[in-house]
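Coordinate inspection notes
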Amino acid sequence: MLTLAAATAAHGSPADKLLQDGNFLRGQRLLAQYQCAACHRIPGVEGRQGGDGPALAATGRAAYIAGHLPNTPAMLARFIEDPPLVKPGTAMPALGVTADDARDMAAYLGRLR
């Protein structure tokens, strides 16, 4: 399944077009709803700003996410949706994020530069 996710993450793919059209304002609200700031420092997201996970202030300009995954909108959304599936052994848990929610959350994070 990771192979499928990596294949759909190719630049210019229909999946990337859909992700670029994600609702970043909804994504901002969802990051608060899923309490992502409990572990990450995320500008513009309400809630306790944690330090256990990496700061996400520059997610949009990072070359990689989770250490070695190419930072494309599709890969970021897939990682948000099911982190342990995409990167076995990650400390980030699966939170039951839907594909639509992950797309919008990725749209917000991708704007952070």
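Numbering of residues begins from 1 in every chain and follows the order in which that chain's sequence is written. Per-residue local features of the predicted model are confined to residues with pLDDT of at least 70, and side-chain atom pairs are confined, for both listing and counting, to 80 or more; whole-chain, interface and lining totals are unaffected and use all residues. Hydrogens and waters are ignored; side-chain quantities use all the structure's heavy atoms.

1. Considering the packing of helix α4 (residues 73-81) against helix α6 (residues 99-110)
Interaxial angle, 0 to 180 degrees, is taken between N-to-C directions of lines fitted to C-alpha atoms, where a helix line uses only the stretch in contact. Secondary structure elements follow DSSP: runs of H or I of four or more residues count as helices, runs of E of two or more count as strands, with numbering from the N terminus. Running from N to C, α4 and α6 cross one another at 125°; their axes reach a closest spacing of 8 Å. In terms of orientation, α4 and α6 fall into the oblique class. Regarding α4 and α6, the two cross each other, and that crossing is right-handed. Across from Pro 73, Leu 76, Ala 77, Ile 80 and Glu 81 in α4, the residues of α6 making contact are Ala 99, Ala 102, Arg 103, Met 105, Ala 106 and Leu 109. Split into classes, the residues belonging to the contact of α4 with α6 amount to nine nonpolar, no polar and two charged. Here is the rule for angles: anything less than 35 degrees is roughly parallel, anything more than 145 is roughly antiparallel, 65 through 115 is roughly perpendicular, and the remaining ranges are oblique. Each crossing gets its handedness from the near helix: less than a right angle anticlockwise from the far helix is left-handed, clockwise is right-handed. Whether two residues touch is decided by their heavy atoms; if any such pair falls within 4.5 Å, the residues are in contact. Amino acids outside the nonpolar list (Ala, Val, Leu, Ile, Met, Phe, Trp, Tyr, Cys, Pro) and the charged list (Asp, Glu, Lys, Arg) are all regarded as polar, and Gly is one of them.

2. Observations concerning helix α3 (residues 24-33)
Along an α-helix, residues three or four apart share an orientation, since each turn contains 3.6 residues. Think of it in three bands: residues with accessible area under 20% of the maximum for their type are buried, residues over 50% are exposed, and the middle band is partly exposed, with areas taken using a 1.4 Å probe on protein chains only. Residues Gly 27, Leu 30 and Leu 31 constitute the buried set of α3. Along the axis of α3, the buried residues cluster in a sector spanning 105°; they form a single face. For α3, the exposed residues lying more than 90 degrees away from the buried face are Arg 29 and Gln 33. The secondary structure elements touched by the buried residues of α3 are α6. Where α3 begins, the capping side chain belongs to Asn 23, and its oxygen is found 3.2 Å from the backbone nitrogen of Leu 25. Where α3 ends, the next residue or the one after it, Gln 35, has phi of about 60°, a positive value. Each C-beta atom gives one direction from the helix axis, and the arc is the one those directions make. What qualifies as a polar contact is a pair of N or O atoms within 3.5 Å, subject to a donor-acceptor requirement within protein and to the restriction that residues adjacent in sequence count only when both atoms come from side chains.

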